[in-house]
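Now for the letters of each chain:
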Amino acid sequence: MKPRLLSGIQPSGKLHLGNYLGALKNFVDLQNSGKYECYFFIADLHSLTEEFNPKEKSKQVLELMADFLAAGLDPKKSVIFQQSQIPAHSELAFILNTLTPMGELERMTQFKDKSLNPNTPSSKAIEQSSNRTSPNVGLFTYPTLMAADIILYDAKFVPTGDDQDQHLELTRTLVRKFNSKFPARRSLGEGGGNPFIEPQGLHTDIPRVMSLGDPLKKMSKSKPETCLFIDDSPEVIESKIKRAVTDSDSVVKFDPDKKPAISNLLKIYSSLSGQSVKELEHDFSGKTYSDFKSSLAKLVVDHFSKYRAKKKSLLAKPKSLALSLNTGSKKAAKVAEKKMAEVKKKIGLAL
Ligand code: AMP
């Protein structure tokens, strides 16, 4: 049997180059390697932890489905599903919450960063009455929902960007805790194996794409002007790359410590073109940053031109996208419900 692999992306607007090079491109490569049983999902419950408009949400779900398919995910090869359609995700997350000390969640970097982000919904009433910002509880328990996403499918591998490493580490801690608290009981006819398996992260060679405006910060949609969205028009791509910050000298050389800006652009170039950074340094020796940026802009525009056309044609048939997603959700639900029944039995909730 092939090992199972799972990952998700939040439907909260357009995908940027970080989502693509850190995650989606890898999803497609891993799917096509034929080595894994692949599950990919639209993390719509997770996306509720950030400010959203209910009129836009279902559109964002279908748009992400179109992104998945346009980038090369294939429902015949992978199970592609919508998280909120499977109640077991929230159910298991609650059970995992009861195993998780508050302190573990309080030290999560994503929680700390997003708590400071003005786009995160906090109760306006609380804010106004007490004059302070109070991040929502969903953001606080994001990592336990992520652990539930992974554990429900017995996923061995989880491809993500490196911003998710801390959450994955917590998932492994919870797996170990659950296994030691609720071991298999032979007296009940259970096999000798542990109930949950420990997942492993999979990174691409560019697990953290940096911002075009500040190469020391992660590219993030919270600053759209410093983000390259993969369906930005060719004109916007060219203009954003032209304006990307560069380092003080003008030599195209990879040196993440001394030249973080050009090093980030070189990694992006290498990842999209398949050329090594060394080859690129050689090709651009004696050339200016401006030459390099023009060439990178052309590469990005060309790389996503088929994707853009395919996405447009997929979005013209929203019913067919919804049907395909619902079919995947039904398949995933069978696996998740079976696991949830095992969990309930194990912790004594099944009568
Ligand atoms: P999210 O939008 O938080 O659902 O992220 C979807 C995927 O994109 C996750 O696997 C993230 O780790 C990955 N990701 C987000 N931003 C970046 C970035 N700047 N560089 C690399 N991967 C990223």
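The preceding data block contains the structure.
A.B. asks: Give a detailed account of the environment of K287, specifying residues and quantitative values.
C.D. replies: Among the structural elements, K287 can be located in the loop between helix 13 (277-283) and helix 14 (289-303). Remark: the alpha-carbon pair of K287 and S248, spanning 39 residues in sequence, is separated by 15 Å. Leaving out residues up to four positions away in the same chain, K287 has contacts with S250 and V252.

A.B. asks: Any details on the packing of helix 9 (residues 142-151) against helix 10 (residues 165-181)? Residues and values, ideally.
C.D. replies: Look at helix 9 against helix 10: their axes get within 9 Å of each other, and the N-to-C directions meet at 65°. Overall, the two elements helix 9 and helix 10 adopt an arrangement that is roughly perpendicular. Read as a crossing pair, helix 9 and helix 10 show a hand that is right-handed. Contacts between helix 9 and helix 10 involve Y142, P143, T144, M146, A147, I150 and I151 from the former and H167, L168, L170, T171, L174 and V175 from the latter.

A.B. asks: Go over the site of the ligand, please, and point to the residues and values.
C.D. replies: The environment of the ligand is formed by 16 residues, the closest being Q10, G161, D163, V209 and M219. Within the backbone of G18, a nitrogen or oxygen atom sits 3.1 Å from a nitrogen atom of the ligand. One nitrogen or oxygen atom from the side chain of D163 is found 2.4 Å from an oxygen atom belonging to the ligand. For the ligand, whose unbound accessible area comes to 490 Å², protein coverage reaches 93%. Top contributing element to the shell around the ligand by residue count: helix 1 (residues 17-33), with four residues. For the shell around the ligand, a count of residues per class yields five nonpolar, eight polar and three charged.

A.B. asks: I'd like a rundown of helix 11 (residues 234-243), residues and numbers included.
C.D. replies: For helix 11, every residue scored as buried is listed here: I237, K240 and I241. Along the long axis of helix 11, the arc covered by the buried residues comes to 95°, so they all point the same way. Facing away from the buried surface of helix 11 by more than 90 degrees, the exposed residues are E235, K242 and R243. Of the surrounding secondary structure, the elements contacted by the buried residues of helix 11 are helix 14 and helix 15 (305-315).

A.B. asks: Pulling in residues and values, what's your account of unusual backbone geometry?
C.D. replies: In this structure, D154 is a non-glycine residue whose phi angle is positive, near 50°. Assignment of secondary structure puts D154 in the loop between helix 9 and strand 4 (157-159).

A.B. asks: Could you give an account of the environment of P3, naming the residues involved and the relevant values?
C.D. replies: The topology assignment puts P3 in the segment before strand 1 (4-9). Residues P3 and C38, 35 residues apart in the sequence, show an inter-C-alpha distance of 8.7 Å. Sequence-distant contacts of P3, that is, excluding residues within four places in its chain, are made with K35, Y36, E37, K156 and F157.

A.B. asks: Got a sec to walk through the nonpolar core? Specific residues and values, please.
C.D. replies: In terms of nonpolar packing, the biggest core is built from 59 residues, with L24, F68, I268, F292 and L296 touching the most fellow members. Grouped together as the second largest cluster of nonpolar side chains are 40 residues, L6, I86, A148 and L170 included.

A.B. asks: Outline helix 16 (residues 318-346), listing residues and values.
C.D. replies: Relative to the 42 Å expected for 29 residues at 1.5 Å per residue, helix 16 spans 41 Å between its end C-alpha atoms, a close match to the ideal helical length. Taken together, the buried positions of helix 16 are occupied by L321, L325, G328, S329, A332, A333, A336, K339, M340, V343 and K346. Downstream of helix 16 by a residue or two, G348 has a phi angle that is positive, lying close to 85°.

A.B. asks: Report on the pairing of strand 3 (residues 78-82), specifying residues and quantitative values.
C.D. replies: A large share of strand 3 lies buried, amounting to five of its five residues. Where burial is concerned, the two faces of strand 3 agree: the one with S78, I80 and Q82 and the one with V79 and F81 are both buried. Sheet topology note: the strand 2 (residues 37-42)/strand 3 ladder contains five bridges and is parallel. Residue pairing across strands places F40 opposite I80, the latter belonging to strand 3.

A.B. asks: Give me the pattern of salt bridges: which residues, what numbers.
C.D. replies: For side chains bearing opposite charge, pairing can occur when the charged atoms are close. All chains considered together, the criterion is met by 22 salt bridges. The partner of E91 in a salt bridge is K344, with the nearest N and O atoms 2.6 Å apart. With E91 in helix 4 (residues 88-97) and K344 in helix 16, this residue pair connects regions lying 253 residues apart in the sequence. Under the relative-accessibility criterion, K344 is labelled partly exposed at 29%. Salt-bridge contacts for E198 lead to R176; the nearest nitrogen and oxygen are separated by 3.0 Å. Of this pair, E198 sits in the loop between helix 10 and strand 5 (200-202) while R176 sits in helix 10, and the two are 22 residues apart along the sequence.

A.B. asks: I'd love a proper account of the environment of D67, names of residues and values included.
C.D. replies: If you trace the backbone, D67 turns up in helix 3 (residues 54-71). For the pair D67 and L265, spaced 198 residues apart in sequence, the C-alpha to C-alpha distance is 23 Å. Dropping the residues within four chain positions of it, D67 is found in contact with L15, L24, Y307 and K311.

Cut-offs applied
- For every chain, the first residue of the written sequence is number 1, and numbering continues from 1 along that sequence.
- It should be noted that, the model being predicted, local features are given only for residues of pLDDT at least 70 and side-chain atom pairs only at 80 or more, the latter also being counted only at that level, while totals for whole chains, interfaces and linings use all residues.
- Side-chain descriptors were evaluated using all non-hydrogen atoms of the structure, hydrogens and water having been removed beforehand.
- Strands are runs of DSSP state E lasting at least two residues, helices are runs of H or I lasting at least four, and both sets are numbered from the N terminus onward.
- We call two residues in contact when some of their heavy atoms are within 4.5 Å.
- In this analysis an axis means a line fitted to C-alpha atoms, helices contributing only their contacting stretch, and an angle means the value between N-to-C directions, from 0 to 180 degrees.
- What sets the label is the angle itself: under 35 degrees gives roughly parallel, over 145 gives roughly antiparallel, 65 to 115 gives roughly perpendicular, and the rest give oblique.
- In a left-handed crossing the near helix is turned counterclockwise from the far helix by less than a right angle, and in a right-handed crossing that turn is clockwise.
- By convention in this text, a residue qualifies as near a molecule or strand provided that one of its non-hydrogen atoms is within 4 Å of it.
- Under the rule applied, a polar contact is a pair of N or O atoms within 3.5 Å (in protein, one hydrogen donor and one hydrogen acceptor; residues adjacent in sequence only if both atoms are side-chain atoms).
- All accessible areas in this document rest on Shrake-Rupley with a 1.4 Å probe, and a residue is counted as covered only by the protein chains that are shown.
- The classification used treats Ala, Val, Leu, Ile, Met, Phe, Trp, Tyr, Cys and Pro as nonpolar, Asp, Glu, Lys and Arg as charged, and all other residues, Gly among them, as polar.
- Buried, partly exposed and exposed residues are distinguished by accessible area as a fraction of the type maximum, computed with a 1.4 Å probe on protein chains only: under 20%, between the cut-offs, and over 50%, respectively.
- The arc refers to the directions leading from the helix axis to the C-beta atoms.
- In this description, a nonpolar core means a group of buried Ala, Val, Leu, Ile, Met, Phe, Trp, Tyr and Cys residues linked to one another through side-chain atoms lying within 4.5 Å.
- Take the number of residues in a helix, subtract one, and multiply by 1.5 Å to get its expected span.
- At least two bridges found by DSSP between two strands is the condition for calling them paired.
- Whenever a carboxyl oxygen of Asp or Glu lies within 4 Å of a side-chain nitrogen of Lys or Arg, that contact is scored as a salt bridge.

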